[in-house]
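Read off the chains here:
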Amino acid sequence: MAKLQFAKKQNDNNTLSTQTWKVLICDDEKEVHIITKAVLSDFVFKNKKIEFLSAYSAEEAIPILKENNDIAMILLDVVMENDMAGLNLVKIIRDELKNKMIRIVLRTGQPGYAPEKEVIQKYDINDYKEKTELTDIKLYTTVISALRSYKDLRAIERSKKGLEQVIKSTRNIYEKNSLKLFASGVLTQIVSILKLNGHSFLLTADGFSIEKDNNGLKLLATTGKYETKKLEEILTQEVKDNVSSVIDKKESMYLNDTYIGYIPSDTNKQNIIYINGCNKLNELDKNLISIFSTNVSSAFNKLYLNKEIIETQKELIETLGETVERRSKEASQHVKRVANISYELAIRIGLSKKEATLIRNASPMHDVGKIGIPDAILLKESSLNKEEYEHMKKHAQIGRDILAHSQRKVLKAASIIAYEHHEKWDGSGYPNSLKEEEIHIYGRITAIADVFDALLHKRCYKEAWHIDDVINYLKDERAKHFDPQLVDIIIENIEVFKEIENIE
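Quick look at the structure, then. This structure is a prediction, so every number in the text was calculated from the model and none was measured.

### Re the pattern of salt bridges
Under the defined criterion, the tally for this structure stands at 13 salt bridges. Notably, a salt bridge pairs R94 with D124, separated by 3.4 Å at the nearest N-O pair. Pair noted here: R94 is in helix α3 (residues 85-96) and D124 is in the loop between α4 (116-122) and β6 (127-130), with a separation of 30 residues, a long-range link. Classification of D124 as partly exposed rests on a relative accessible area of 39%. A salt bridge links R400 to D401, with the shortest nitrogen-to-oxygen separation between them at 3.9 Å.

This is how it looks when you write it as structure tokens:
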């Protein structure tokens, strides 16, 4: 076999990266390994040195390739444990290991076993060299060419994965209806996209998301070292200055190791993403973040619009509920307290946060049917006679009739509540004498919330009760008027409900 002849190349003057190019030498001659490593020991490309891996047979190379999917290049001998060992390994790399990235350079001292023209056409290799022609310059050129090709392929692959991540991330966060959940999703996905460049520091990226409107800054989401901190702890003077600069310029910025993303909306709100640890971002990473930020900008607009619609709807429902209560001279805050009590009960009985929120938004309409009850009955300070009471009971049906035709979830829920919140666990309620779980959970929850609050406050026909008397009443009516499980929840969490009622 011809002796390899190399001359050393000079090192780059730039600061070396801690990362390396992995090059696998697969050759059954130890001398080839020694000389190749010695000659390329000072080799540097793009500020990265070579990390050599060695295999002395094709069989030995396979586990190395499986364990190191980031090998940039293999210098592969053709004839090793058998005449076709190297060529068979090429097929394994491409077909079985599905590794299309690694640059394969065949080196042979016996070209008769593997004619270049035939091998180049039949096998997925990137270069073919006879060992006799691999002088120092030729090897240097071959390695540079292979690594440059590998680098470009990795950039293309990373770009492809990055764009896939952008599309996937945008789709995932669109599903988050809560503004805080959405902001948290945006923050998480930006970090996830940036991880694609392989920089380990991004595994512990620190960041936060804030909202800016006419009332100032509001913290929406945090990660890393900011996760447990409050807004005032995060907003150091430096952070304030950086955020102000981005808002004034209305564009994202990279300052030292910090990415500050500016995401405007069509409302008076502006969103800021602030992430530390980004000093190694390249142009590809920045472009991916730019694309992602543009996509989520429209999503923020949609969320703000939905939020405004929901808040308007909630306010209208509460206003209508309060109007009904005021007409009957009830406490004006009754519907809000019932809403909050209902929410806490729903959560603690095991309903989802989404459904609990639906009940909270719908429960203020529980007595909407009272608008159809004459003042003489509704405002009567003494007890109602039998005929008057039967007329009063009609408000459940009236409320249902008002709301039942809507296709909106909140109004459909309100229709159920209006119709069933006077049913009783033992079947003695109205309008349909339903019992136990025949009564919709929305009705059962609102029933006990309504009575609990009503007893604690003065009405035209009674004085306010003491909390201890209310608790005793709930115990007496357990499994009679009220769902026993809901009674237990109130008693076991009485401090939560006293706080809603503003009771010491």
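The discussion continues.
### Side note on helix α10 (residues 334-348)
End to end, α10 covers 21 Å across 15 residues, agreeing with the expected 21 Å (1.5 Å per residue, within 8%). Those residues of α10 not exposed but buried are H334, V335, R337, V338, A339, I341, S342, Y343, L345 and A346.

### Thoughts on helix α17 (residues 467-476)
When α17 is considered as a whole, its buried residues turn out to be I467, V470, I471 and L474. The buried side chains of α17 occupy one side of the element, clustering within an arc of 100° when seen end-on. Contacts from the buried residues of α17 go to α16 (441-456), α18 (484-492) and α19 (494-500).

### Quick look at a negative patch on the surface
Together, D28, E59, E60 and E81 make up a negatively charged patch on the protein surface. Relative to the assigned elements, E81 resides in the loop between β4 (71-77) and α3.

### A word on the pairing of strand β3 (residues 48-55)
Within a regular strand, the side chains alternate between the two sheet faces. Within β3, 6 of the 8 residues are buried, which leaves it mostly tucked inside the rest of the structure. In the sheet, strand β1 (residues 20-26) pairs with β3 via 7 bridges, with the strands oriented parallel. Across the sheet, the residue bridging to I25 is S54, located in β3. The pairing of strand β2 (residues 44-45) with β3 spans 2 bridges and is classified as antiparallel. Considered in β3, the bridge of V44 is made with K49. Where β2 folds back onto β3 in an antiparallel hairpin, the turn is made up of 2 residues, including K46, whose phi is positive at roughly 55°.

### Section: the pairing of strand β10 (residues 258-264)
Counting buried residues in β10 gives 6 out of 7 residues, a clear majority hidden from the surface. Here strand β9 (residues 253-255) pairs with β10 via 3 bridges, running antiparallel. Bridge pairing links M253 to I260 in β10.

### Quick look at the packing of aromatic side chains
Evaluation of the coordinates by the stated rule reveals 8 aromatic pairs. Ring centres of W21 and Y150 lie 6.5 Å apart, and the angle between their planes is 80°; on these two criteria the pair is classed as edge-to-face. Of this pair, W21 sits in strand β1 while Y150 sits in helix α5 (residues 136-174), placing them 129 residues apart in sequence. Taking the relative accessible area as the measure of exposure, Y150 reaches 6% and is therefore buried. An aromatic cluster is defined as three or more aromatic residues linked by ring pairs; in this entry it consists of W21, F45 and Y150. It is K48 that lies over the ring of W21; its NZ or CZ is 3.8 Å from the centre. The ring of Y343 is capped by R360, whose NZ or CZ atom sits 4.2 Å from the centre of that ring.

Conventions we followed
Residues numbered from 1 in each chain as written. Predicted model: local features only at pLDDT ≥ 70, side-chain atom pairs only at ≥ 80, totals over all residues. Heavy atoms only, no water. Salt bridge = Lys/Arg side-chain N within 4 Å of Asp/Glu carboxyl O. Helix = DSSP H or I, 4+ residues; strand = E, 2+ residues; numbered from the N terminus. Buried < 20%, exposed > 50% of the residue type's maximum accessible area, 1.4 Å probe, protein only. Expected span 1.5 Å × (residues − 1). Arc of directions from axis to C-beta. Contact = heavy atoms within 4.5 Å. Patch = residues over 30% accessible without salt bridge, like charges linked within 9 Å, V, L, I, M, F, W, Y side chains within 5 Å. Areas by Shrake-Rupley, 256 points an atom, 1.4 Å probe, with all protein chains shown as cover. Lys, Arg positive; Asp, Glu negative; His and termini not counted. Charge placed at Lys NZ, Arg CZ, Asp CG, Glu CD. Pairing = 2+ DSSP bridges. Phe/Tyr/Trp six-rings, centres within 6.5 Å; stacked < 30°, edge-to-face > 60°. Lys NZ or Arg CZ within 6 Å of the ring centre and 35° of its normal.

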